[in-house]
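If you want the building blocks of each chain, they are given just below.
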Amino acid sequence: MISETKPLSDCEWLERILHYNDEMLISGFQSSKFVLFNVDRNQTLVAVDCGGGHRSHDFIIHEGYFYFAYVNKRKTHRYVTRLPRLLRELEPGLHPSSINCVELAEQDDVDLYMVTGGENTEIQFSAVETGKFKPLVSIQGHLSSVKCLAVLSHDKESLLVASAGGRSELSVWRIQMKPELQWKRVANHLLGTPFQSKEEKEPVDDIRYMSMCFHADTGTLIVAGSDGFIRSYSLQGNKLIPVKTCKSHRFCILYVAVAHSNWILSADTAGYICWTPLSMLLPETSQDAFMGDIIRFRVHSAGANAVDFRSLTETEVEVGSSGEDCSIALSRFTILGKEISLKYKRVHPSCHASQVIGLRFIGGNHIITASKDQRIYLWKVNDDEISVVDYTRTSVADVTSLAISR
């Protein structure tokens with residue numbers, strides 16, 4: 001046996017095998033339809049309702065056109081279509097099920113790599129080459145779905161990547177690219193009783209880590225959970241050592257980032273944006289002089305799935321956010337020591353037709369957003385107002401994450 005293909009679910013009665021543009025095609029019948037199937041791409045190219053098999057029929061492919069003739073109810077019918085339009089090139093899926101998160105890593109401003117985490121518990125490491133994805137290695141080891149990723153460090157030869165998700169599992173991986181491609185798990189941590197405070201009443205197996213960030217100055221990994229807690233870990237050798245935990249939200253946290261030298265920014269499923277002092281999560285030797293309180297602001301009427309920020313001055317931070325209410329909010333905060341005040345908030349309703357899952361500041365005054373309505377918008381920011389610059393459509397019907405190579 002030279003090769004074998006999986007069963008063709010769209011073809012019950014095989015009729016002919018042929019080649020077109022160096023690809024194998026199989027024709028046959030599925031119920032009352034004649035079908036033409038591309039074996040190499042696992043794609044149905046043509047489906048004609050002709051009444052099924054056991055009838056006179058024939059077809060040819062000539063100069064890019066597909067000609068099909070058949071007899072039905074004593075009448076001869078003809079069907080013609082142009083194949084190149086049907087044989088468009090599709091990118092193969094990186095995961096067998098949905099992708100939950102994506103992160104990019106750029107090497108020497110030339111090579112671009114992509115790390116994706118899926119519902120199938122796998123992490124896929126791929127190269128981005130002239131707009132195409134080249135899968136390099138698939139990493140297994142998580143007990144449940146991977147919900148978030150963070151690139152901790154990278155150089156010419158390797159990347160250090162953190163991943164987290166279901167069953168409160170956190171892992172750190174080293175992906176070695178030179179001299180040969182290989183990977184190994186550096187450290188792993190499952191949330192257990194020793195790290196749970198009296199406030200943490202949710203069963204450990206029900207907690208999902210939804211977002212994470214890395215504080216490079218102290219080497220602290222900060223992780224946000226579905227139980228409203230933010231936890232911090234320190235990578236020491238091949239162990240993840242719990243550092244601190246704090247209850248920042250009453251609801252599931254969807255986003256967390258170090259947005260200021262003294263503050264952490266986070267957002268939850270109830271539409272709250274929260275500022276948490278870094279001192280509550282960093283080791284005792286760090287930021288001892290700064291102690292503040294957790295400050296919350298209600299920005300959206302529903303979950304804030306997409307959040308990003310930019311520093312305008314040393315004391316001003318602008319936060320862009322969107323989510324389930326389909327609006328885009330621009331909130332400008334003034335930070336003076338332990339005090340944070342909301343200078344203004346502008347909510348722009350109905351910016352998308354469906355839930356927004358990604359928002360990023362790019363350039364000096366632009367925002368890019370992606371939504372489940374299959375549209376990607378580029379917006380221009382003028383003070384507190386936004387206007388559409390351009391948009392494009394995507395064939396991905398269920399967008400789940402957005403990453404930008406800056």
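Just so you know, these numbers come straight off a predicted model, no measurement behind them.

A. Inspection of the side chain of Glu316 at higher detail. Structurally, Glu316 can be placed in strand S25 (residues 316-322). At 2.8 Å, the side chain of Glu316 and the side chain of Lys343 are in polar contact. When residues no more than four places from it in sequence are discounted, the contact partners of Glu316 are Ser311, Arg332, Phe333, Thr334 and Lys343.

B. Broad picture of the sheet that holds strand S18 (residues 229-236). Overall, antiparallel pairing links the four strands, which are arranged S16-S17-S18-S19 in an open sheet. On the outer flanks of this sheet lie strand S16 (209-215) and strand S19 (239-247), each paired with one strand and no other. Neighbouring strand axes in the sheet, compared pairwise and without regard to direction, differ in orientation by 25° on average. Both strand S17 (residues 220-225) and S18 contribute to a ladder of five bridges, which runs antiparallel. Bridging across to S18, Ile222 finds its partner in Ser232.

C. Representation of the state of the cysteines within the structure. This structure, assessed with the given rule, holds zero disulfides. You can see Cys148 has no disulfide; the closest cysteine sulfur is in Cys101, sitting 6.4 Å from it. Judged by its relative accessible area of 5%, Cys148 falls in the buried class. Of the cysteine sulfurs around Cys274, a residue in no disulfide, the closest is that of Cys246, at 7.8 Å.

D. Broad picture of the packing of aromatic side chains. One pass over the full model with this rule turns up 15 aromatic pairs. Ring centres 5.5 Å apart and planes at 40° place the aromatic pair Phe59 and Phe66 in the tilted group. The buried category is assigned to Phe66, whose relative accessible area is 0%. With centroids separated by 6.3 Å and ring planes inclined at 40°, the aromatic side chains of Tyr65 and Tyr67 adopt a geometry described as tilted. Residue Tyr67 is classed as partly exposed on the basis of its relative accessible area, which comes to 29%. Feature note: the residues Trp13, Phe29, Phe34, Phe59, Phe66, Phe68 and Tyr70 constitute an aromatic cluster, connected by ring pairs. The ring of Phe59 carries Arg16 above its face, with NZ or CZ at 4.2 Å from the centroid.

What counts, and where the lines are drawn
Residues numbered from 1 in each chain as written. Predicted model: local features only at pLDDT ≥ 70, side-chain atom pairs only at ≥ 80, totals over all residues. Heavy atoms only, no water. Helix = DSSP H or I, 4+ residues; strand = E, 2+ residues; numbered from the N terminus. Polar contact = N/O pair within 3.5 Å; in protein donor to acceptor, adjacent residues only side chain to side chain. Contact = heavy atoms within 4.5 Å. Pairing = 2+ DSSP bridges. Axes fitted to C-alpha atoms, helices over the stretch in contact; angles between N-to-C directions. Disulfide = S-S within 2.5 Å. Buried < 20%, exposed > 50% of the residue type's maximum accessible area, 1.4 Å probe, protein only. Phe/Tyr/Trp six-rings, centres within 6.5 Å; stacked < 30°, edge-to-face > 60°. Lys NZ or Arg CZ within 6 Å of the ring centre and 35° of its normal.

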